[in-house]
Amino acid sequence: MISLSRGFAIAALAGSLAFPVRAATSVIGGADVDVQPLLVNARQISDALAYLGAPLSEAGQRRLAAAAQLASDDEAAREIQAVLDPHCLALLEVNPEGRVKVAEGPAARTLVQEAWRPVLVKVRNEAGSTAVLNVASQEAGPVYDKEYCGPQQSLTPVFAPAVPVAPAAVAARIRDRWLNLEVYRRPPMSARLGGARLEYAILCLQSRDAGRRAATFSFDLGQGTQDLGFRSELTLVFAVVPATPVRLRVRDDRGAPGMGAFVIRDAANRLYPSPFKRIAPDFFFQPQVYRADNETVLLAPGEYTMEFTRGPESLKETRRVSVGSEPLTLEFQARRWIDPAAFGYVSGDHHIHAAGCAHYTDPTQGVAPADMLRQIQGEDLKVGAVLTWGPCFDYQKQFFTRGPHQGDAPPHLLRYDIEVSGFGSHRAGHLCLLRLKEDNFPGGDSIAHWPTLGLEILRWAKRQGAVCGSPHSGFGLQVQGGPREGTPAVFAGEIPFLQVPVFSGIGAIEYLVDLTHELPGPEGKPVPAIDFLSGGNSNEAAVLTMWYHSLNCGFRPRLAGESDFPCITDERVGQGRTYVRCAGPLNYEDWCAGLAEGRGYVSDGLGHLIDFRVDGQLMGEGASELRLEHPRRVKVVVNTAALLETSPPHERLAWLPDKRSDTRLHPPPVALTPTRQPVYSADAVQLPWHLERARVAHTRRVPVEVVVNGAVVARREIEADGELRQLEFDVLIARSSWVAVRIPASAHTNPIFVLVGEKPVRASRRSAQWCLAGVDQCWLRNERFYAEPEKAAARAAYEHARQAYARIAAESDVD
C-alpha cells in the first residue's frame, strides 16, 4: 500500500506494463501539483493495474518508494510522473472553464488480439472538476448487444447489430467496430475525478482483430465540456499482435476427457485471458478460466506460467509454456491425492448462484446453466444446487426444473432451487429450499407476495418434500461488546460460546424458532421444519456454537457445507462442501435426502473424515443412533486424511478474504500465522474454512478431535501428507449424548446420537437457556420485519419455541 505520508515506503507497486513506450512526456512541477492526493491516486492506480493483470515494474516500485522519502514536494511530484507518464496513452488538460483538450501520450500503440490492455490517461485539472471522465470511439462497439444476443454460447465476443439491418451494413458495422474500451471506475479507482490539479485514470482497450487498426477517441467531462476545433479528439493507429490458439487436452484422473481450471500468467504476472470484462462462460471476477478437453485459449507469443487444477481433491500442476506464432496443443491430466467418491461420498455445494452479487446483468440477467455446469465440472464438484433468489429472479426462474441440468456431463449434475433472500422472510434470516417441486409461493408469479414469516415458507416447502436449512449461518450471530463491534467475541476454547448474539443478519436468525416445529410432509406426516445448518463459508465459531447448542437440546439438525458463490466468496464453487454417502448412480433426490439424514461430512476439500463410526454404528445409517443400556466407554473410529504444503506459510498470504466486486482489494489480505491451537478470532469472521488454520505451528500436522456434546474429549495429530489413516479413540459416554469428529477450520462429521437408557439428549441446561434467550433476542430485533397480517402467527411460533426450550431446560440435569 502507498502511505498517505511520504515518510513511509510505497510498497505495493509491482511488475511492469510490458508494452514498449515512447519518450516520456514533460512533467509538472511540484508547485503546480497537489502532492498528497497524487500519492493516493498513485496507490489506486498501482492496485488497480495489479488486479487487471498489468502491474507496474519492480523498478517502478523502487523509484516510487524513493519518491515517497523525498523531502521536496517538487522532486516527489516529478519522480511519480516519471514513473507513470510512460504508460499514458493520452494527456488531458481541463482548463479553468472546464473544457477538455487532449494530446498524444508516449505509451506504445500496441495491442494483443483478444487481450485487454490497461493504459493510463494523465489529467491536468485546472478547473478542479469532480465530474465523470468519459471516453468514446466510433470504432468501439459493445462486446455484445443485449437485444441481439441470447445466452452466451461462444468464447468469442459478439459484435452485431441490435436490430435487423441489411447484410452489407452489418458487415460494415462489424468491420468498423473492432475496438472495445472502458474507463476503469471500479474499486480501488474512483467513479469521478478527484478534483486535484493532477491525477491519472485507467483506460482499458481490447481488439477483436489482428493487424493495424485506427480509432478516434473523444474525451469529455459531460455535455459541453469538449474543446473547440476537435481538440478533445485523438486519432491513433494501433499495431495489433495476432493471438495464437492454444488447444488444451484435458483428462480426468482416469484418463477420460474432462474439464479443468487454468490460471494463466505471462512473465509480467498478467492474467490471461484478462479478467477485465470477461463474458460467460469465463467470469471476470475469477483468476481462473475453465476449459474442457479440446477447447482453446488465445495467447500472444511469449512465455507463460499455467496452473492446472481440478478441485481440492486433485494436485495442482504448474507448468512453464512458451507460445510462438504457430498453434500449440498442451496435454493435462488430473492427479488425485484422495477420492472420496471411491468410498461412496459424493461432493456437493447446496448454495451457489447464477445471478446477483459478482455476476453481470447484461447481456443476460446472470448466466445460463451451461456456464454454471462448467464451474462444477472444473472443480470436480459432483452436485451443484443453483439457488435462484431476489436479483434476476424473474429471468432465472426459467431454468428451474424438477430434474437436473445434467446434459452430457456425468458424473456431475446441476439443479436449480430457491434461496429465500431478497424477498419474503429474508430479513429474519435466509432459507435454502432444496428438492422443490414448485419454485414460486402460491399467490403470484414473482417475489413480492412471499410471506415474511419463514415458518410459513417452510410449511409450503415441506408439503413438497423439500429439504430446508439456514445458509451462511454465522452471519448475524455477532456478539455485542466483542473485540470489535459487529464481530463475534470468540477465542480459542470457547466453542460453544455463551454470550447471546444480536440475531440481526442473514444467517441462522429464525432458526432457533423454526427448529422446534414439525410441519406436515408430502403425506401429511409431521417432519422437522429445519433439516440443516450451513457452514464452511462463515465464522466457524459462530456456526458451531449455534449448532452445538441446538444438538445439546436434543434436536437433530445436520451440518452442510456451502460456498454462496459468488457472494460470500467468488473464488470458486465448492469452497465449502458436503460429502454425502450415496449408493448407486448419482441422484439429486438421494443426495439431498442424505444431507438431511446426516450421511456425510462437511469439508473444504483439504481435510476428510470418512466412515465415522461409534461402536460400529455408521454415521447416517439407522437414524445415526447407538443405544446403550448403561454408561460405558465406546470406540470411535474414523478414516482421515488431510493435505497441506510441506512448510507453513508464515508471513506469505495463504488465504484471501472474499473479493466482492465493490470491495475487491479491501480490506487487505489476511496473513495466516500457524498456531498450536486453532484460534477462532474476530479476524476470521467471514473467512471460508481452510485447513491452513489447523496447522500445528512449524509442522505439517493437524489435529483430529472427538467432540461429545460440544466438548473436545480426545485429540490426535496426523501428518497432513494426503495419506488416509484410520484413527481409533476410546471415549466414555456418561449420559445420552451426541458424538462427532472434526478437523478444526476444515472438516466436521455429522453426529451419531448415543442414547443411554432410552433417554433423550439433554446435554446442557445452559444450552437450552442460551436458545431461550436467543428466541427472545430474535423477536426483539426482528418483530418489525413481520407483516402485520402475519404478526399473530409469528407470536405463536415464537411462543411455541420459548415453551420448548423452557421444557428442555427443566429436563436437563447438567449445566
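Before reading further, recall that the structure is shown in the block above.
Notes on the structure in this doc start here. (Residues numbered from 1 in each chain as written. Predicted model: local features only at pLDDT ≥ 70, side-chain atom pairs only at ≥ 80, totals over all residues. Heavy atoms only, no water.)

Considerations on helix α3 (residues 73-84)
Phase 1: A rise of 1.5 Å per residue sets the reference length of α3, with its 12 residues, at 16 Å; its end C-alpha atoms lie 17 Å apart and thus fit the reference within 8%.
Phase 2: Turning to α3, its buried residues are A76, A77, I80, Q81, V83 and L84. Angularly, the buried residues of α3 cover 160° about the axis, an arc narrow enough to put them on a single face. (Helix = DSSP H or I, 4+ residues; strand = E, 2+ residues; numbered from the N terminus. Expected span 1.5 Å × (residues − 1). Buried < 20%, exposed > 50% of the residue type's maximum accessible area, 1.4 Å probe, protein only. Arc of directions from axis to C-beta.)

What to know about unusual backbone geometry
Phase 1: Cis rather than trans, the peptide bond between P187 and P188 has omega equal to 10°.
Phase 2: Along the polypeptide, P188 turns up in the loop between β6 (179-183) and β7 (198-207).
Phase 3: Omega for the peptide link from Y272 to P273 comes to -20°, which places this bond in the cis form.
Phase 4: Although it is not a glycine, D380 sits at a positive phi angle of roughly 50°.
Phase 5: By secondary structure assignment, the location of D380 is in the loop between α5 (369-378) and β19 (383-388).

Describing the state of the cysteines
Phase 1: With the rule as written, the count across this model stands at one disulfide.
Phase 2: For C357, the disulfide goes to C567, at an S-S distance of 2.0 Å. Taking the sign of the S-S torsion, 100° for the link of C357 and C567, the bridge is right-handed. Placement of C357 in the loop between β18 (345-352) and α5 and of C567 in the loop between β26 (558-561) and β27 (577-581) is noted, with a sequence separation of 210 residues between them.
Phase 3: You can call C567 buried: its relative accessible area is 7%.
Phase 4: Cysteine C468 is unpaired, with the sulfur of C432 as its nearest cysteine sulfur at 9.3 Å.
Phase 5: According to the relative accessible area criterion, C468 is buried, its value standing at 0%.
Phase 6: C553 takes part in no disulfide bond, and the closest cysteine sulfur, belonging to C771, lies 4.1 Å away.
Phase 7: The buried category is assigned to C553, whose relative accessible area is 1%. (Disulfide = S-S within 2.5 Å.)

A few points about the environment of A136
Phase 1: Inspection of the secondary structure assignment puts A136 in strand β5 (residues 134-137).
Phase 2: For the pair A136 and L181, spaced 45 residues apart in sequence, the C-alpha separation works out to 7.7 Å.
Phase 3: Filtering out sequence-adjacent residues up to four positions away, A136 remains in contact with L181, T216, F217 and S218. (Contact = heavy atoms within 4.5 Å.)

Some words on the sheet that holds strand β14 (residues 295-299)
Phase 1: Ordered in space as β14-β10-β17, the three strands form an open sheet in which the pairing is mixed. If you trace the sheet from one side to the other, it starts and ends with β14 and β17 (328-333), each paired once. Ignoring strand direction, the axes of neighbouring strands in this sheet form an average angle of 30°.
Phase 2: Bridge count for strand β10 (residues 244-251) against β14 is five bridges, and the pairing is antiparallel. Bridge pairing in β14 places P245 opposite L298. (Pairing = 2+ DSSP bridges. Axes fitted to C-alpha atoms, helices over the stretch in contact; angles between N-to-C directions.)

Points about the pattern of salt bridges
Phase 1: Considering all chains together, one arrives at 47 salt bridges under this definition.
Phase 2: In this structure, D339 and R254 form a salt bridge, with 3.3 Å as the shortest nitrogen-oxygen distance. Taken together, the residues span a long stretch of sequence, with D339 in the loop between β17 and β18 and R254 in the loop between β10 and β11 (259-266) at a distance of 85 residues.
Phase 3: Among the residues examined, D339 registers a relative accessible area of 15% and is labelled buried.
Phase 4: We note a salt bridge from R633 to D730, for which the minimum N-O separation is 2.6 Å. Taken together, the residues span a long stretch of sequence, with R633 in strand β32 (residues 632-642) and D730 in strand β35 (residues 725-733) at a distance of 97 residues.
Phase 5: Connected through shared salt-bridge partners, D253, R254, R310, E313, R336, D339, D380, K382 and R577 make up one network. (Salt bridge = Lys/Arg side-chain N within 4 Å of Asp/Glu carboxyl O.)

Quick word on α5
Since one α-helical turn is 3.6 residues long, residues separated by three or four positions face the same way.
Phase 1: Counted residue by residue, α5 has nine buried out of 10 residues, so it is predominantly covered.
Phase 2: What α5 keeps buried is the set P369, D371, M372, L373, R374, Q375, I376, Q377 and G378.
Phase 3: One or two residues past the end of α5 sits D380, with phi positive at roughly 50°.

Describing the pairing of strand β15 (residues 302-309)
Phase 1: Two elements, β11 and β15, share six bridges in a ladder whose sense is antiparallel. Note that in β15 the partner of V263 across the bridge is E307.
Phase 2: Sheet topology note: the β15/strand β16 (residues 317-323) ladder contains seven bridges and is antiparallel. Within the sheet, the bridge partner assigned to E303 lies in β16 and is S322.

So, the sheet that holds β7
Two pairing modes exist for strands in a sheet, parallel and antiparallel, and in both the strands are linked by backbone hydrogen bonds.
Phase 1: The five strands lie next to each other as β2-β1-β4-β7-β6, forming an open sheet whose pairing is mixed. Either end of the sheet is taken by a strand with one partner, and the two such strands are β2 (100-104) and β6. Averaged over all pairs of adjacent strands, the angle between strand axes in this sheet comes to 25°, irrespective of strand direction.
Phase 2: Across nine bridges, strand β4 (residues 116-125) lies against β7 in antiparallel orientation. Bridging across to β7, R117 finds its partner in L205.
Phase 3: Against the sheet, helix α1 (residues 35-51) contacts β4 and β7, and its axis sits at roughly 20° relative to β7.

As for the nonpolar core
Phase 1: Ranked by internal contacts, the top residues of the largest apolar core, which has 67 residues, are L433, Y511, L512, M546 and Y805.
Phase 2: Take this core: its biggest share by element is eight residues, from helix α9 (residues 540-552).
Phase 3: The contacts of L433, once residues within four sequence positions are left out, are D417, I418, V420, I457, L458, W460, A461, V467 and C468.
Phase 4: Formed by 49 residues, the second largest nonpolar core is a distinct cluster that contains I28, A358, Y360 and M372. (Core = buried A, V, L, I, M, F, W, Y, C linked by side-chain atoms within 4.5 Å.)

Some thoughts on the packing of aromatic side chains
Phase 1: According to the stated counting rule, one finds 27 aromatic pairs in the structure shown.
Phase 2: Here W547 and Y548 contribute two aromatic rings whose centre-to-centre distance is 6.0 Å and whose plane-to-plane angle is 35°, an arrangement assigned as tilted.
Phase 3: Overall, Y548 belongs to the buried group, its relative accessible area being 0%.
Phase 4: With 6.1 Å between their ring centres and 70° between their planes, Y786 and Y798 make a pair best called edge-to-face. Highlighted residues: Y786 in the loop between α11 (765-782) and α12 (791-811) and Y798 in helix α12, separated in sequence by 12 residues.
Phase 5: The exposure class assigned to Y786 is buried, which follows from its relative accessible area of 3%.
Phase 6: Aromatic ring contacts, followed pair by pair, group F393, F423, F441, W450 and W460 into a single cluster.
Phase 7: Note that R319 overlies the ring of F332, its terminal NZ or CZ placed 3.9 Å from the centroid. (Phe/Tyr/Trp six-rings, centres within 6.5 Å; stacked < 30°, edge-to-face > 60°. Lys NZ or Arg CZ within 6 Å of the ring centre and 35° of its normal.)

Structural notes on the packing of α1 against α3
Phase 1: The N-to-C vectors of α1 and α3 enclose an angle of 25°; their axes lie 10 Å apart at closest approach. By the criterion of interaxial angle, the relationship of α1 to α3 is roughly parallel. Every pair of crossing elements has a handedness; the one defined by α1 and α3 is left-handed. In this structure, α1 uses V35, L38, L39 and A42 to contact α3, whose residues at the interface are D73, A76, A77, I80 and L84.
Phase 2: Along the lines of polarity and charge, the residues of the contact of α1 with α3 split into eight nonpolar, no polar and one charged. (Parallel < 35°, antiparallel > 145°, perpendicular 65-115°, else oblique. Left-handed = near helix turned anticlockwise from the far one by under 90°. Nonpolar A, V, L, I, M, F, W, Y, C, P; charged D, E, K, R; others polar.)

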